[in-house]
Amino acid sequence: MKSKYFFTSESVTEGHPDKICDQISDAILDAFLEKDPNSRVACEVVITTGVVFVTGEISSSANINIESIVRHTLNKIGYNRAKYGFDSETCSVLTSIHEQSPDIAIGVNQSLESKLGGYSDCFDTGAGDQGMMFGFACNETEEYMPLAISLAHKLTKRLTDIRKAGILPYLRPDGKSQVTVEYLDDKPVHIDTIVISAQHGPHITHEKITNDIYNEVILPVIPQELLDEKTKIYINPTGRFVIGGPMGDSGLTGRKIIVDTYGGYAAHGGGAFSGKDPTKVDRSACYAARYIAKNIVASGIATKCQVQLAYAIGVAQPVSINVNTFGTGKIPDTDICDIVEKNFDLRPKAIIEYFDLRKPIYQQTAAYGHFGRNEFPWEAVNRTDLFKI
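A quick note: this is a predicted structure, and the numbers were derived from the prediction, not measured.

## Comments concerning the packing of aromatic side chains
One pass over the structure, following the stated rule, counts 18 aromatic pairs. Pairing tyrosine 183 with tyrosine 265 gives two aromatic rings, centres 6.3 Å apart and planes at 35°, and the pair type is tilted. Pair noted here: tyrosine 183 is in strand 8 (residues 171–184) and tyrosine 265 is in the loop between helix 8 (257–260) and helix 9 (281–298), with a separation of 82 residues, a long-range link. Both residues of the pair, tyrosine 183 and tyrosine 265, belong to the buried class. Ring pairs connect the aromatic residues Tyr5, Phe7, Phe136, Tyr183, Tyr262, Tyr265, Phe273, Tyr287, Phe326, Phe371, Phe376 and Trp378, which therefore count as one cluster. Its guanidinium or amino end placed over the ring of phenylalanine 326, lysine 304 lies 5.9 Å from that ring's centre, counting from NZ or CZ. The side chain of arginine 383 reaches across the aromatic face of phenylalanine 344, ending 4.4 Å from its centre.

Laid out in structure tokens, this is it:
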């Protein structure tokens, strides 16, 4: 008998309050890295009706106009008129920034290994925090991502694209999507449910929004072979979504970490990405773990793979590495883990140098997921030969 189950993931547009905060945090990070690549940044943003509050710890030789970056980012997203619920020109911008704690900096500046053994080079930099980080890949999509989160991202990106292109000019920046995939014997076979909530102008009928989004968003995104009359579709199911963005809900950096990663299909260590420079392994080690998992699956040695890394603050080498192929591996997981340990340098400085992570590349990661997008260096599939048998 075939095993049947359902899995659901969600995504949000760049105008969602939490995603606004992620983008502002990463825009500030990029601005500091552009002028000082060695900047230490841990920047968080809170947004609510008419107010943006920027806080965190930043150590840098760069002098940045944070207020200007906030307003520019809001305008780029599309919050530039009061009737949209937020105006980039008239909102209040408050800041409370101080330098990175010297107790943290002392461990990042010189790792424990370097202090004890006189190591140099990549041992110079210790991890910026303790914690566990996960990377995942599977062969459900061409980008090696789970199907539900892949489609959810494409739906929200399409919502934004048609809004900015003026195809549906009544749309506003806030929006969400949700996709439920039906599996048979661990293979996706059907889209069971699609939910889309799109902020809109006050004078548009629900019927028009339903028809427009079905034709302009759902049909261009969802593969026709997975969509049929049995697929349940809910578009603005409350019937009205005029009040949105920061007027409808407050936002906070790092509150959409499942949207940022694998839609709940794989484990998450709990650390957010946005607003953090790459010495924070919450970010850089997750990128490295994804890179390893993707190359493992792309090699054909497994159909899905999860890689866990764990670090201690101030220590360069990870304290543990775990590989789990969920029974799909052609060789034991312990053997795959041995290959990883021998061939991948997972010290923070080595990760930073390998992916060139001191460049201002982060604002573009802050909406529609950090993974499954080939413009990012951790998405490269160039070490598959290590795993082929």
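Moving on from the coordinates now.
## Some words on empty space enclosed by the protein
Counted by the stated rule, this structure contains 1 cavity of 30 Å³ or more. When its volume is computed, the largest cavity comes out at roughly 40 Å³. Forming the boundary of the largest cavity are Thr13, Leu159, Thr160, Arg163, Leu171, Arg172, Pro173, Asp174 and Ala198. For the lining of the largest cavity, the secondary structure elements donating two or more residues are helix 5 (147–164) and strand 8. Ranked by residues supplied to the lining of the largest cavity, first place goes to strand 8 with 4 residues. Residue composition of the lining of the largest cavity, by class: 4 nonpolar, 2 polar and 3 charged.

## Observations regarding the nonpolar core
Side chains that are nonpolar tend, in soluble globular proteins, to be buried together. By size, the foremost hydrophobic cluster in this structure holds 100 residues, and its most contacted members are Val52, Ile296 and Leu346. Aside from chain neighbours lying at most four places away, what touches valine 52 is Ile24, Val45, Val46, Ile47, Val70, Leu74, Phe86, Cys91, Ser92, Val93 and Leu94.

## Looking at the sheet that holds strand 11 (residues 251–252)
In space, the 4 strands of this open sheet follow the order 6-3-2-11, with mixed pairing throughout. The sheet terminates laterally at strand 6 (92–98) and strand 11, the two strands that pair on one side only. In this structure, strand 2 (residues 40–48) lies alongside strand 3 (residues 51–59), joined through 9 bridges in antiparallel fashion. Bridge assignment links arginine 40 to a residue of strand 3, and that residue is serine 59. The strands that helix 1 (residues 17–35) touches are strand 2, strand 3 and strand 11; relative to strand 2, the one it contacts most, it runs at about 150°.

## Observations concerning unusual backbone geometry
One non-glycine residue, phenylalanine 326, lies in the positive phi region at around 55°. Locating phenylalanine 326 in the fold gives a position in the loop between strand 13 (320–324) and helix 10 (333–343). The partly exposed category is assigned to phenylalanine 326, whose relative accessible area is 40%. Even without glycine at this site, aspartate 356 takes up a positive phi of about 55°.

## Some words on the layout of surface pockets
Approximately 280 Å³ is the volume found for the largest pocket. In terms of lining, the largest pocket is formed by 14 residues, of which the most central are Glu14, Gln23, Lys76, Gln363 and Gln364. Going through the elements one at a time, helix 1, helix 2 (66–77) and helix 5 are the ones with two or more residues in the lining of the largest pocket. Element by element, the count of residues in the lining of the largest pocket is highest for helix 5, at 4 residues. Of the residues in the lining of the largest pocket, the class split is 3 nonpolar, 4 polar and 7 charged. Here the second largest pocket is characterised by a volume of approximately 240 Å³. If you go around the second largest pocket, the residues you meet are Glu143, Met145, Ser150, His153, Lys154, Lys157, Tyr368, Phe371, Gly372, Arg373 and Glu375. The residue makeup of the lining of the second largest pocket, split by class, is 3 nonpolar, 3 polar and 5 charged.

What counts, and where the lines are drawn
Residues numbered from 1 in each chain as written. Predicted model: local features only at pLDDT ≥ 70, side-chain atom pairs only at ≥ 80, totals over all residues. Heavy atoms only, no water. Phe/Tyr/Trp six-rings, centres within 6.5 Å; stacked < 30°, edge-to-face > 60°. Helix = DSSP H or I, 4+ residues; strand = E, 2+ residues; numbered from the N terminus. Buried < 20%, exposed > 50% of the residue type's maximum accessible area, 1.4 Å probe, protein only. Lys NZ or Arg CZ within 6 Å of the ring centre and 35° of its normal. 1 Å grid on protein atoms, 1.4 Å probe; cavity = no way out; pocket = protein on both sides within 12 Å on 5 of 7 lines; lining within 4 Å. Points joined across faces, edges and corners; volume = space filled by probe spheres on them. Nonpolar A, V, L, I, M, F, W, Y, C, P; charged D, E, K, R; others polar. Core = buried A, V, L, I, M, F, W, Y, C linked by side-chain atoms within 4.5 Å. Contact = heavy atoms within 4.5 Å. Pairing = 2+ DSSP bridges. Axes fitted to C-alpha atoms, helices over the stretch in contact; angles between N-to-C directions.

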